[in-house]
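Now for the letters of each chain:
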Amino acid sequence: MSTPNKSEIYFHAAADHLKISDRMRTLLLTPERDVKVQLAVRLDNGEVGTFVGYRVQHDGARGPMKGGLRYHPEVDDLEVQTLAQLMTWKTAVVDLPYGGAKGGIAVDPRSLSSGELERLTRKFVDQIHDMVGPDTDIPAPDMGTNSQVMAWFMNQYQKYHGFQPACVTGKPLELHGCEGREEATGRGVVIIANRLFHQLGQELKGKTVALQGFGNVGLYTAKFLFERGAKIVAITDVRGGCANPNGLNIPKLAEYAKSNNGVQGFPESEPLDNEGLFATKCDLLIPAALGGQLTAKTAPIVQAKYIVEAANDPTTPEADEIFHERGILVAPDILANAGGVTVSYFEWVQNRSVVHWPLEEIRAKLELKMTAAFDAVWKIAEERKVPLRTAAYILGIGRVAKATELAGVS
Ligand code: GLU
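Now for a description of the structure that goes with this document. Since this is a predicted model, take the numbers as computed values, not measurements.

What follows deals with the side chain of threonine 169. The residue threonine 169 is located in the loop between helix 5 (147–161) and helix 6 (184–199) in this model. A distance of 2.9 Å separates polar atoms of two side chains, one belonging to threonine 169 and the other to lysine 66. The contact partners of threonine 169, leaving out residues within four places of it in the chain, are Lys66, Ile138, Pro139, Ala140, Pro141, Met150, Ser344, Glu347 and Trp348.

If you want it as structure tokens, here you go:
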């Protein structure tokens, strides 16, 4: 086999435990389809803008492939491949009948008008509509996209394939969306944090938290942590940060961030940058922003006892090793942030059955799914004496490998 790239180090650690053959590893690691498209879009100033769009379908052994669409300037081939692979393990860890995919466009969505974003999204659908669909590959929101983008996606898809609301998830409620989809990832993160402390014989209530990111995931994570009585002492977003050792008032901060374009300058707080955030003395650190934030350079300054990964791929293997050596327990992304795709699955089920479930039902179902996944991962970690990340990979990869083997190769 060729030398593994960084993101595959976690895979091989688990595959070694499962004694997976080299051939099966190649099969599991190779994406089924990897597509890159050019998107030419008419801009408001009359000029033509060109962008690059990606969709990687990583593995479909367990069902239709599932994963978000990211609009961010750093989107490239490697990032989308890595994130697509993570979706395969993530959907398997929470036992959804899905495989994994991911897509994106290399663009800063804040630099485009709403009309430009709509045209870009529709052009993307024009280019990839024949490779996605309710039974093949179902996109969803991710960084830089939201329910509006999903509504445009569905509408454009419909022009080619007729009424198919299950072709995409994370849609607005008015257009076949699901109650609680927007809050789902943050809610899932807090369910996992809560379960982690429960297993350790502790309580989430009263715990101090440092949170990186105040976008969709960070905001809802903060909100639910606050509701459960945790004390959020530090938050950073793309523009800056704020800290208060007595705990930030999250409802007030959310209001402030809306009208001030970020958390920076929040009254009753001290300014803070990311380095300061990582170095904050606290019980729990939650990265909820970009990938690759916790590295060989930043891991040694981390003061938290526990890390729950709300972002996708926030920790490099070097940093993971440092946390392991320092006894810092990490609940990995493929478990901790699986709440979003889990509620996406609920949306897809409802769309296909033409029903609408109430919020309380969604929340109860999410709690059950996430708790079951956490407990399964915890059990493997105890039995095999491995970190939670390796345990989650063992669970996810084991399920995908088994499905691949049972289906056979014709
Ligand atoms: N983008 C989210 C993730 O990374 C959700 C994906 C989905 O709902 O399909 O898990």
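The final tally for this structure, using the stated rule, is 11 aromatic pairs. Aromatic side chains tyrosine 256 and phenylalanine 266 sit 5.4 Å apart centroid to centroid with 65° between the ring planes, which places their arrangement in the edge-to-face category. In this pair, tyrosine 256 sits in helix 8 (residues 250–260) while phenylalanine 266 sits in the loop between helix 8 and strand 10 (270–271), placing the two residues 10 residues apart along the sequence. Residue classification places tyrosine 256 among the buried residues on the basis of a relative accessible area of 17%. What makes phenylalanine 266 buried here is its relative accessible area of 10%. Measuring from centroid to centroid gives 5.9 Å for tyrosine 345 and phenylalanine 346, while their planes differ by 50°, and the two rings are tilted. Phenylalanine 346 matches tyrosine 345 in its accessibility class, with the two residues each being buried. Taken together, the aromatic side chains of Tyr98, Tyr345, Phe346, Trp348 and Trp357 make up a single cluster linked through ring pairs. Of note, lysine 365 hangs over the ring of tryptophan 357, and the distance from its end group to the ring centre comes to 4.3 Å.

Moving on to the state of the cysteines. Taken as a whole and judged by the stated rule, the model has zero disulfides. Looking at the unpaired cysteine 178, the closest cysteine sulfur is the one in cysteine 167, lying at 15 Å. Cysteine 242 takes part in no disulfide bond, and the closest cysteine sulfur, belonging to cysteine 282, lies 14 Å away. By relative accessible area, which is 0% here, cysteine 242 ends up buried.

With that settled, consider the packing of helix 4 (residues 114–128) against helix 5. Running from amino to carboxyl end, helix 4 crosses helix 5 at an angle of 40°, the nearest separation of the two axes being 9 Å. Taken as axis vectors, helix 4 and helix 5 run oblique relative to one another. Note that helix 4 runs across helix 5; the crossing there is right-handed. Between helix 4 and helix 5, the residues in contact are Ser114, Leu117, Glu118, Thr121, Arg122, Val125, Asp126 and Ile128 and Val149, Trp152, Phe153, Asn155, Gln156, Tyr157, Lys159 and Tyr160, respectively. Residue composition of the contact of helix 4 with helix 5, by class: eight nonpolar, four polar and four charged.

Reading the values: the criteria
- Residues numbered from 1 in each chain as written.
- Predicted model: local features only at pLDDT ≥ 70, side-chain atom pairs only at ≥ 80, totals over all residues.
- Heavy atoms only, no water.
- Helix = DSSP H or I, 4+ residues; strand = E, 2+ residues; numbered from the N terminus.
- Polar contact = N/O pair within 3.5 Å; in protein donor to acceptor, adjacent residues only side chain to side chain.
- Contact = heavy atoms within 4.5 Å.
- Phe/Tyr/Trp six-rings, centres within 6.5 Å; stacked < 30°, edge-to-face > 60°.
- Buried < 20%, exposed > 50% of the residue type's maximum accessible area, 1.4 Å probe, protein only.
- Lys NZ or Arg CZ within 6 Å of the ring centre and 35° of its normal.
- Disulfide = S-S within 2.5 Å.
- Axes fitted to C-alpha atoms, helices over the stretch in contact; angles between N-to-C directions.
- Parallel < 35°, antiparallel > 145°, perpendicular 65-115°, else oblique.
- Left-handed = near helix turned anticlockwise from the far one by under 90°.
- Nonpolar A, V, L, I, M, F, W, Y, C, P; charged D, E, K, R; others polar.

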